[in-house]
Amino acid sequence: MTDGDMTSADTPRIAIIGAGPAGIRAAETLVEAGLRVTLIDEAALPGGQIYRQPPPTLRRPAKALYGFEAGKAEALHSSFARLRSAIDYRPETLVWGARDNRLLLSSRAGNTEIAFDKLILATGAMDRIAPVAGWTQPGVYSLGGAQVVLKHQACLIGKRPIFAGTGPLLYLIAWQYLRAGSRPAAVLDTGSFAGQLRALPRLARQPRTLLKGLYFTAALRAKGIPVLYSALPARIDARDDNLVLTYTRNGRSHEIAGDAVALGSGLKPETQLAEILGCAFDFHSPSRSYLPRCDRMGRSSLATTYIAGDTGGIRGADAAEAGGALAALAVLEDLGRSVPEVRKRQLLTHMRRAEIFRSGLELAFAYPAPAIAGLADDTVLCRCENVTIGDLRAAIPQWNITEMNRLKAITRCGMGRCQGRVCGSAAMEVLASETHAPIESVGRLRGQIPLKPVVGSNFETKAAS
Amino acid sequence: MTDIVQYDVCIIGGGLVGCSAALHLTRAGQSVVLVERDSVGAHASGVNFGGVRRHGRNALELPLSLRSLDIWRNMAALVGNDCEFMPCGHLKVARNEAEMSVLEQWRGFGAQHGIDVELHNGAKLRQRFPWLSAQIYGASFCPGDGHANPRLAAPAFALRARAEGAVIIEGDGADVIEDAQGGFEVTLMSGKRLRASVLVNAAGAWGRTIAARYGDDAPVNAVAPQMFVSEPVPYFIDAVLGMVCGGLYLRQIPRGNVIFGGGRGTLSPDQRSSWPSDRVFAETVGLAGEIIPQLRNLAIIRSWTGVEGNCDDGLPVVGSSPRRQGLYHAFGFSGHGFQMAPAVGAVLSELITRGATPTDISALSPQRFADAKSGLVMAESEI
């Protein structure tokens, strides 16, 4: 059965995927214009990753959950509460596929599909991983995972966790752990101090965000927690009850012990749905990745589909709120409705600033491509299929591999449960460095359905009919 | 103007058939060029189910299929890679008495070709294959058949052929094929030109266009069989499974993933690409859970399709052109060419270099459409 076919042609069917800052602001803007939207989200409660809400039994004050961002989180949550009755909200629902103007949904109730005339993708981002030897063992988490554990479940990954990788989240999460009663063993940034200095003028375009970053670093240092730049993780070993992270810095090898490790090298957009729908992608050199092509309002290459928030490139939560509203205005414009021009100009100005800030972040916290090229052969790259970098290095010349999908076909790298969402970035780096090719020339893994695993029994009612 | 390079044989299409032909012809002393528009094994050859079975085949294909099984058994020696061939046996299940009689009839065909199958039903079937649904009426088991990894096979043949001297051109398709000096002149998309005295049409779903150019029309149309793979679970499905009705074919690899196929996805309007159908997704995943109840709660991690040439009579088009000397066809494998393809390459090489092959492929000749009579024995859709 197809839901959403009941509406007539003059009430367009609008679907928004993702109930984070971008999705909620998009929904709000459209509801204000008198339209009805369907808002689909994988989580049980709205807020997205950044303003994620714990389950009711673990509820805590906003200040404790979101720190400096408590005001923004509360504003977004209350905006959603006001919208709730005016929208068709579908929490705990996975969009597992899409074709033309249909979305395929899976939830505990079973599978269904909806049709849309306009679609806003506000699917957000996930951790971008730079693997190191030993990263798949118990006690090693992704940075975002460490934050989810704290925010959603009020748990810590450890009492003395090591935070390693790069990006603003590295400092934020280490600080959040400190405040929650954990004592981080160290914060190790693969980026250089010089790089962060070079990025300062661009980062100053969002002075508040820049100041927060400086504050986190200062607060950690004030508690005696080492914060080191240019520290490249080499391997993680379990020793006694500890995890020992070996890293190199200024050409020398060092060790640090902790009871857990959180790893993350920035974020990567969740673009699979844009890919399945057939949106055009362009290579984006600063982030060394392919991103869906869109204009400054969020229009993709498809007339039906709009991109909002981190889905189109990592700009952070504030820009996501602006981007969500802008994408909604683009929908309204394309439907021939009037849009508030002043608001549109303000949002565009906000996005321009965010764009400069983003380029600063990319300069300060670059994905550690050279470090990946230098990893030991026994480092697991694809954890779903247990494929090591050595496996890739052997297969690439043996099979004459120059393209990502052939690499996957031959080695199984990116073929498992996550479909390359975790290992894809690193695998591109390995293929490019082994073939001495520019990274954009190795292509990217093709998206395929289902976007995330779907359970067979969900299909039974449909198959029987 | 670019130089024209002369070869003995030009093969159009880098699927498993074309790549096997390239290797066998090179070994037979021919200078060979293979032209592939995308990359070798990128289409049906690389994304098919991976079934390696004689079981249940149209009897007219059995000579080719038997010869190919010998090649599969010696794959590592031939191409330097076993392509993960695993001869765990093939089980074809019947849901009712009528389907069971089809299996009984096939046992007779098999016996004529020296293939012994075991027919099971009732308690004996449950005991031997405890993972099968109790709804299954009966089954036929063919030891020696099995499965392999299609992603490796065509590239492995291509690599070996290249190492032995064949020229393999990827990412550059044949644009224009013309007659020249008794042979063929092929202009590629890039403008590069090749000449050969022999042309092999191994263009799969797109082979009909090349054949039709020489008046060898064959009723081969593009279809897009749809496949699935689950998350890995402990190995328990110790045979490749097929159904008499053709609705589902399924195998498990030792690392645990269950790979299965059934139904057809959607072709792009130009028939160059295809994508999975969500309706087929629901039906086939549901059916897999009905036939093997333990699969009901398994997570499906990926579905895909490939473009395949399907011939109206279910048989491939293999043999020399009745109209054009030097032209050989091997396409339209109708969803069950993966097992036979290695032998097709060997047979083409014999036809081209010696004018004859010991393998009886007479029923597969393109001539059958000119004669408008075809010897259908049993329709099938399983790969």
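Residues numbered from 1 in each chain as written. Chains lettered and ligands numbered in written order. Predicted model: local features only at pLDDT ≥ 70, side-chain atom pairs only at ≥ 80, totals over all residues. Heavy atoms only, no water.

*Asks:* What exactly am I supposed to notice about the interface of chain B and chain A here?
*Replies:* One widely used convention gives an interface's size as the accessible area the parts lose upon coming together. Across the contact, 34 residues belong to chain B and 31 residues belong to chain A. For the chain B and chain A pair, buried surface summed over both sides reaches about 2800 Å², with 53% attributable to carbon and sulfur atoms. Three residues stand out in chain B for area buried against chain A, namely Arg 151, Asp 278 and Arg 302 of chain B, and they jointly supply 23% of the buried area on that side. Here chain B is connected to chain A by four salt bridges. (Contact = heavy atoms within 4.5 Å. Buried area = accessible area lost by both parts, 1.4 Å probe. Salt bridge = Lys/Arg side-chain N within 4 Å of Asp/Glu carboxyl O.)

*Asks:* How do you make sense of unusual backbone geometry when you look at a structure like this?
*Replies:* Excluding glycine, a negative phi dihedral is what most residues carry, and trans is how most peptide bonds are arranged. Between Ile 449 of chain A and the following residue, Pro 450 of chain A, the backbone shows a cis peptide bond with an omega angle of -5°. The phi dihedral of Glu 84 of chain B is positive, around 60°, even though this residue is not glycine. Here Glu 84 of chain B shows up in the loop between α4 (75-79) and β4 (90-94). Here the phi dihedral of Gln 271 of chain B falls at roughly 60°; this positive angle occurs in a residue that is not glycine. Within the secondary structure, Gln 271 of chain B sits in the loop between β17 (266-267) and β18 (274-275). (Helix = DSSP H or I, 4+ residues; strand = E, 2+ residues; numbered from the N terminus.)

*Asks:* What am I meant to see in the environment of Ala 70 of chain A here?
*Replies:* Residues and elements named next belong to chain A. Relative to the elements of secondary structure, Ala 70 occurs in helix α3 (residues 70-83). As a C-alpha pair, Ala 70 and Arg 345 span 275 residues in sequence and 27 Å in three-dimensional space. Other than its neighbours up to four places away in sequence, Ala 70 contacts Ala 62 and Lys 63.

*Asks:* Explain the sheet that holds strand β15 (residues 242-249) of chain A here, please?
*Replies:* In a beta sheet, neighbouring strands are held together by backbone hydrogen bonds and run either parallel or antiparallel to one another. Residues and elements named next belong to chain A. Sheet architecture is open: three strands sit in the order β14-β15-β16, paired in antiparallel fashion. Two strands lie at the open edges of the sheet, namely β14 (232-239) and β16 (252-258), each paired on one side alone. Each neighbouring strand pair of the sheet contributes to a mean axis angle of 25°, computed without reference to strand direction. In terms of strand pairing, β14 meets β15 through seven bridges, oriented antiparallel. (Pairing = 2+ DSSP bridges. Axes fitted to C-alpha atoms, helices over the stretch in contact; angles between N-to-C directions.)

*Asks:* How should I be thinking about the domain arrangement of chain A in this particular structure?
*Replies:* All names here are of chain A. Split by domain assignment, chain A resolves into domain 1 (2-126 + 268-339), domain 2 (129-265) and domain 3 (376-442). With centres defined by C-alpha atoms, the gap from domain 2 to domain 3 works out at 26 Å. Taken together, the seven residues of domain 2 in the interface contact seven residues of domain 3. Summing both sides of the interface, domain 2 and domain 3 together bury roughly 590 Å²; the carbon and sulfur share of this comes to 68%. (Domains from an automatic or database assignment.)

*Asks:* Please explain the packing of helix α1 (residues 16-27) of chain B against helix α7 (residues 150-163) of chain B as it appears in this structure.
*Replies:* If you want to describe how two helices pack, look at the angle between their axes and the distance between the axes. Residues and elements named next belong to chain B. α7 packs onto α1 with a crossing angle of 25° between their chain directions and a minimal axis gap of 8 Å. The orientation of α1 with respect to α7, classified from their angle, is roughly parallel. Seen along the crossing, α1 lies across α7 with a hand that is left-handed. Contacts between α1 and α7 involve Leu 16, Cys 19, Ser 20, Ala 22, Leu 23, His 24, Thr 26 and Arg 27 from the first element and Ala 153, Ala 154, Phe 157, Ala 158, Arg 160 and Ala 161 from the second. For the contact of α1 with α7, the per-class residue count stands at nine nonpolar, three polar and two charged. (Parallel < 35°, antiparallel > 145°, perpendicular 65-115°, else oblique. Left-handed = near helix turned anticlockwise from the far one by under 90°. Nonpolar A, V, L, I, M, F, W, Y, C, P; charged D, E, K, R; others polar.)

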